[in-house]
Each structure stands twice: as C-alpha cells, then as structure tokens.
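# Structural features, examined
The lines below spell out each chain.
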Amino acid sequence: MRRLFWLGIGLAVGVLVVRKATKTAQAYTPAGIASGLSESAGGLVESVRSFMDDVRAGMAEREQEIHEAFARGEAYDDQFAELREDPRIGDREIFPEEHQR
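How each quantity is defined
Residues numbered from 1 in each chain as written. Predicted model: local features only at pLDDT ≥ 70, side-chain atom pairs only at ≥ 80, totals over all residues. Heavy atoms only, no water. Phe/Tyr/Trp six-rings, centres within 6.5 Å; stacked < 30°, edge-to-face > 60°. Buried < 20%, exposed > 50% of the residue type's maximum accessible area, 1.4 Å probe, protein only. Salt bridge = Lys/Arg side-chain N within 4 Å of Asp/Glu carboxyl O. Helix = DSSP H or I, 4+ residues; strand = E, 2+ residues; numbered from the N terminus.

## Structural notes on the packing of aromatic side chains
One pass over the structure, following the stated rule, counts one aromatic pair. Plain terms: the ring middles of F5 and W6 are 5.2 Å apart, the flat faces sit at 75 degrees to each other, and that makes the pair edge-to-face. Exposure remark for W6: the relative accessible area of 55% places this residue in the exposed category.

Following this line, the structure appears as structure tokens:
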C-alpha cells in the first residue's frame, strides 16, 4: 500500500513537471514569442487608449467650466493670459541659450 501511495505521488509530480516544461518550451517557440509580443502590444494599446480617455474627460470638464463661466457673464480666469500677452516672454527666456537649437 505504501509503495502504491508513493507511486501516485511520483506520477502526480511527474505530470506537473512535464506540463510546466511544455508550457515553458512553448513560450520560446516562434508562435509563443509572437503570442507574448501581441499580448504586450495589446496591453500598450489599452494603456494608450485609457490615457486618451482620461485626457478627453479632462478636456470636456475644462470646456464645461469655460462654458459655465461664459454663460454667467464672467471673465474666464486664464492663468496663462499674462504670459501670452507679454511680448518679452518667449522661448529665449524660458530656455537658456545652450538648450536651444
């Protein structure tokens, strides 16, 4: 009975090792590498889509704030208006000479 028990344990461990080795070997075949790359590319594309959705949501929110301020007849608080109106401010003052091309 004891021998039968250990034989069963050995068979189970052997099956697990063979399955793991087969999965690992398949991952290094051309088809396995292509599959891994497509999954990585899919994840990258999904990340970019998520980022773009966040940007669009932020733009829509900001646009709504501008429309609401306009509807109330208020001047919209543009924090960069002073910078755009000042002719002295340009790329040369923002970026030192050594960093310009």
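There's more to say after this.
## Quick look at the pattern of salt bridges
Applying the stated criterion across every chain yields a total of two salt bridges. R56 is the salt-bridge partner of D53, the closest N and O atoms lying 3.6 Å from each other. With a gap of three residues between them, D53 and R56 both fall in helix α2 (residues 30–71), about one helical turn apart. For D53, a relative accessible area of 47% puts it in the partly exposed group. E65 is the salt-bridge partner of R62, the closest N and O atoms lying 3.1 Å from each other. Here E65 and R62 lie together in helix α2, a separation of three residues that amounts to about one turn. On the accessibility criterion, R62 (41% relative accessible area) is partly exposed.

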